[in-house]
Amino acid sequence: MDYDLVIRNGTVVDGSGAPRVRADVAIAGRRIAEVAAPPDTSSIAAAREIDATGLVIAPGFIDLHSHSDWVVPTPEHGEILKPFLMQGVTTFVGGNCGFSTAPIKPERQRMLDESGRLCAERKFDWSWDTVAGFAGALRRQGLALNVAHLAGHGSIRLSVMGADAGEPSAEQLREMQAMVERAMADGAVGLSTGLGYFPGMIAKPAELASLARVAAAAGGVLTSHLRAYSVRSLFFDSRVPHNILAVREMANVAREAGVPLQVSHLIFVGRRTWETVDETLGEIERHRNDGVDIAFDTFPYTCGNTTIRIIFPAWSQTGLEALLDSKDGWARLKEGFRPLGEFIAESIQLMWAVKPELKYLEGKFFGEIADELKVDPIEAYLTIARESETRGRVLIHLYSGDDADEHALRAAMSHPLNLFEMDTILTSHGHHNPASFGAYPRIMGHYVRQLKLLTLEDAVHKATGMAAKRMRLAGRGIVRRGYAADLVLFNPDTIASGADATAPAIEPIGIEHVLVNGTSVVAEGKWCGDGVRAGEWIARG
């Protein structure tokens, strides 16, 4: 039989966790038509062939924790998200950490503009308000890669309640539930929460469980940026490590709601927190053994991007700009930050300053910025927060380790309940997160080939088949007949990433071909250009 494309002489690591096999892969249209091992390959013919000698043929990597739903509505999103494709990512799940581009209320669009400024390339025209409307807008425009979507609790709460920091009334709760129900009917894969950000940080477990039940009834998943990722925080008053209490809180929500829980980007912030890794993983296992369908995800770096607002206390979030503009507010914030002075100076790096005249500070740590501005590090942080209108983006270090000690990161990465993701905010401006350019090549090169932390089969499984199953992406994530022809071909002996926090925008090596739904988007290591729009909107399967 003749096919559109046959990939010959490769080693298939199929994404299921099964052992690798020597096989040829045939593609017809947008799907895999045949996976044939010798000697059953001689009858396979195609209009085009790729010689995969020495290469692994794997499913395209799935970034199950993305914020790029704030980028894909822009016509040039392919150019912006090129680094994803260059490292083999063919699908992302957007709407994470409680902030999604849909569903929303039309009357709150300007408020959503404000909440999404950190991730958005620019303001939208908001030609949609439902998940179905968002999907339709993306289909009409065309997609450079595949997109699945989570409904964000934060966006829904802001739509219904505005900046109200109180508990929802019964009527408001019903309205939020109705928005989740409609989002799930429109194909959302689940509900996300961002409990470290406003308004998620003020939501109580009962509110979260009431919305999660709706997602569960439709067969969706609940993802959660936890309330705390460090041993101490502003959210709990207990001697028990707060990151463990945060896991327990959401596991109990998931148990009550009867929903699968995906703990987002399980990190251990600060050296004291690294020592809790075994206890935290044990807490997750305890809930799993008690019937909660719980798993978690990690990225392969000891730094991560977030908003400059992240370390400001909850009491300051709704009026932060005014506090920074007032003498008394400034003094109160500075005093509250005093215990964090050393951490701010040495461990927080400015990614985006917003104002062009401050661009020269991007990429610098706040200790360096303090020297430039001739103030102390706390005042430097407050200054950038004020001058960026609290829109600044930062890269925080000491996440689960540093250059000398990665035991917490490696323990989490190698755990059977862990999946891989990137959690990057990638836009056209500012200093970048190295994960945007090198997460999956770093996993396959550094952690698999060099450190042997995982087998190649296990690592590919965590990045593909396991992720697709977890996120309800039917027909994805496996090299199997009838599945979508999302494929990455890489050299297991050379795949690597040189991207780091100092020089993040370095393209990986060893990625030879990437196909999205059977169409080449990277060929012989070169990007095929922004005009290739082979991606699809993926509804919950």
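Above this text is the structure in question.
What counts and how
- Residues numbered from 1 in each chain as written.
- Predicted model: local features only at pLDDT ≥ 70, side-chain atom pairs only at ≥ 80, totals over all residues.
- Heavy atoms only, no water.
- 1 Å grid on protein atoms, 1.4 Å probe; cavity = no way out; pocket = protein on both sides within 12 Å on 5 of 7 lines; lining within 4 Å.
- Points joined across faces, edges and corners; volume = space filled by probe spheres on them.
- Helix = DSSP H or I, 4+ residues; strand = E, 2+ residues; numbered from the N terminus.
- Nonpolar A, V, L, I, M, F, W, Y, C, P; charged D, E, K, R; others polar.
- Pairing = 2+ DSSP bridges.
- Axes fitted to C-alpha atoms, helices over the stretch in contact; angles between N-to-C directions.
- Buried < 20%, exposed > 50% of the residue type's maximum accessible area, 1.4 Å probe, protein only.
- Lys, Arg positive; Asp, Glu negative; His and termini not counted.
- Salt bridge = Lys/Arg side-chain N within 4 Å of Asp/Glu carboxyl O.
- Contact = heavy atoms within 4.5 Å.
- Phe/Tyr/Trp six-rings, centres within 6.5 Å; stacked < 30°, edge-to-face > 60°.
- Lys NZ or Arg CZ within 6 Å of the ring centre and 35° of its normal.
- Parallel < 35°, antiparallel > 145°, perpendicular 65-115°, else oblique.
- Left-handed = near helix turned anticlockwise from the far one by under 90°.

Enquirer: Honestly, the layout of surface pockets in this entry has me stumped. Any pointers?
Expert: Any empty space left between the atoms is revealed when a probe the size of a water molecule rolls over them. By volume, the second largest pocket amounts to about 310 Å³. In this structure, the second largest pocket is lined by 19 residues; those nearest its centre are His-461, Gly-465, Met-466, Lys-469 and Arg-470. If one sorts the elements of the lining of the second largest pocket by residue count, helix α19 (residues 465-470) sits on top with 5 residues. Residue composition of the lining of the second largest pocket, by class: 10 nonpolar, 3 polar and 6 charged.

Enquirer: What should I look at first to understand the sheet that holds strand β6 (residues 61-63) in this one?
Expert: The pairing of strands in a sheet happens through backbone hydrogen bonds and is either parallel or antiparallel. An order of β6-β7-β8-β9-β10-β11-β12-β16 is seen for the 8 strands of this open sheet, with the pairing classed as parallel. Only two strands of the sheet have a single neighbouring strand rather than two, namely β6 and β16 (418-420). Taken over all neighbouring pairs, the strand axes of this sheet differ in orientation by 30° on average, direction set aside.

Enquirer: It is not clear to me how unusual backbone geometry should be interpreted in this structure. Could you clarify?
Expert: It is generally the case that most residues other than glycine have a negative phi and that most peptide bonds are trans. Residues Ala-102 and Pro-103 are joined by a peptide bond in cis, for which omega reads 0°. Following the sequence through the fold, Pro-103 ends up in the loop between β7 (89-94) and α3 (109-115). Here the amide bond leading from Phe-198 into Pro-199 is cis, since omega sits at 5°, within 30 degrees of zero. Within the secondary structure, Pro-199 is located in the loop between β9 (190-194) and α7 (205-217). With phi around 30°, His-265 is a residue other than glycine that occupies positive phi space. Within the fold, His-265 resides in the loop between β11 (261-263) and α9 (271-274). At Asn-517, a position not held by glycine, the phi torsion is positive, near 50°.

Enquirer: What am I meant to see in the side chain of Glu-121 here?
Expert: Within the fold, Glu-121 resides in the loop between α3 and α4 (131-141). We note that Glu-121 is buried and unpaired, the nearest opposite charge coming from Arg-122 at a distance of 4.6 Å. With sequence-adjacent residues up to four places away left out, Glu-121 is seen in contact with Trp-70, Thr-74, Ile-80, Thr-427, Ser-428 and His-429.

Enquirer: Got a minute to help me understand the sheet that holds strand β15 (residues 393-397) in this structure?
Expert: Here we have 3 strands laid out as an open sheet, ordered β13-β15-β14, and antiparallel in their pairing. Of all the strands in the sheet, just β13 (303-307) and β14 (348-352) have a single pairing partner and so form its edges. When strand polarity is set aside, the average angle formed by the axes of neighbouring strands in this sheet is 30°. Where β14 and β15 come together, 4 bridges link them in antiparallel fashion. When the bridges of β15 are listed, Ile-348 appears paired with Ile-396.

Enquirer: Got a minute to help me understand the packing of aromatic side chains in this structure?
Expert: Each aromatic ring pair is summarised here by two numbers: the centre-to-centre distance and the angle between the ring planes. The full count for this structure, using the stated rule, is 15 aromatic pairs. Ring centres of Phe-61 and Tyr-440 lie 5.0 Å apart, and the angle between their planes is 15°; this geometry places the pair in the stacked category. Residue Phe-61 is found in strand β6, and its partner Tyr-440 is found in helix α17 (residues 435-450); the two are separated by 379 residues along the sequence. Residue classification places Tyr-440 among the buried residues on the basis of a relative accessible area of 0%. Relative to Trp-126, the ring of Phe-124 lies with its centre 5.2 Å away and its plane at 75°, an arrangement referred to as edge-to-face. With relative accessibility at 5%, the residue Trp-126 sits in the buried group. Members of the aromatic cluster, each reached through a chain of ring pairs, are Trp-70, Phe-124, Trp-126, Trp-128, Phe-134 and Trp-537. Between Arg-332 and the ring centre of Trp-315, over which it is positioned, the NZ or CZ distance is 3.6 Å. Just above the ring of Tyr-301 sits the side chain of Arg-442; from NZ or CZ to the centre is 5.1 Å.

Enquirer: Just to check I follow, could you spell out the packing of helix α6 (residues 170-185) against α7 for this structure?
Expert: What describes two packed helices is the angle between their axes and the distance between those same axes. Where α6 meets α7, the axes come as close as 8 Å, and the angle between the chain directions of the two elements is 30°. What the angle tells us is that α6 and α7 run roughly parallel. In the packing of α6 onto α7, the handedness of the crossing is right-handed. Within the contact between the two elements, α6 uses Leu-173, Met-176, Gln-177, Val-180, Glu-181 and Met-184 and α7 uses Glu-207, Ser-210, Leu-211, Val-214 and Ala-215. Residues belonging to the contact of α6 with α7 are distributed by class as follows: 7 nonpolar, 2 polar and 2 charged.

Enquirer: Sorry if this is basic, but what is going on with the packing of helix α5 (residues 153-161) against α6 here?
Expert: Two elements in contact, α5 and α6, have axes separated by 10 Å at closest approach and are oriented at 135°. In terms of axis orientation, α5 runs oblique to α6. Considering how the two elements wind past one another, α5 and α6 form a crossing that is right-handed. Within the contact between the two elements, α5 uses Ile-156, Arg-157, Ser-159, Val-160 and Met-161 and α6 uses Gln-172, Glu-175, Met-176, Met-179 and Val-180. In the contact of α5 with α6, the residues fall into 6 nonpolar, 2 polar and 2 charged.

Enquirer: I keep staring at the side chain of Ser-400 and nothing clicks. Help me out?
Expert: With respect to the element layout, Ser-400 can be found in the loop between β15 and α16 (407-413). Among residues more than four places away in sequence, those in contact with Ser-400 are Leu-266, Ile-267, Phe-268, Trp-274, Thr-302, Asp-405, Glu-406, Ala-408 and Leu-409.

Enquirer: How should I be thinking about α4 in this particular structure?
Expert: Given 3.6 residues to a turn, an α-helix orients residues that are three or four positions apart in the same direction. Among all positions of α4, only Val-131, Phe-134, Ala-135, Gly-136, Ala-137 and Leu-138 are buried. On its buried side, α4 packs onto β8 (146-152) and α6.

Enquirer: Looking at this structure, how should I read α5?
Expert: Counting buried positions along α5 yields 9 of 9 residues, so the element is predominantly enclosed. If you check which residues of α5 are buried, you get His-153, Gly-154, Ser-155, Ile-156, Arg-157, Leu-158, Ser-159, Val-160 and Met-161.

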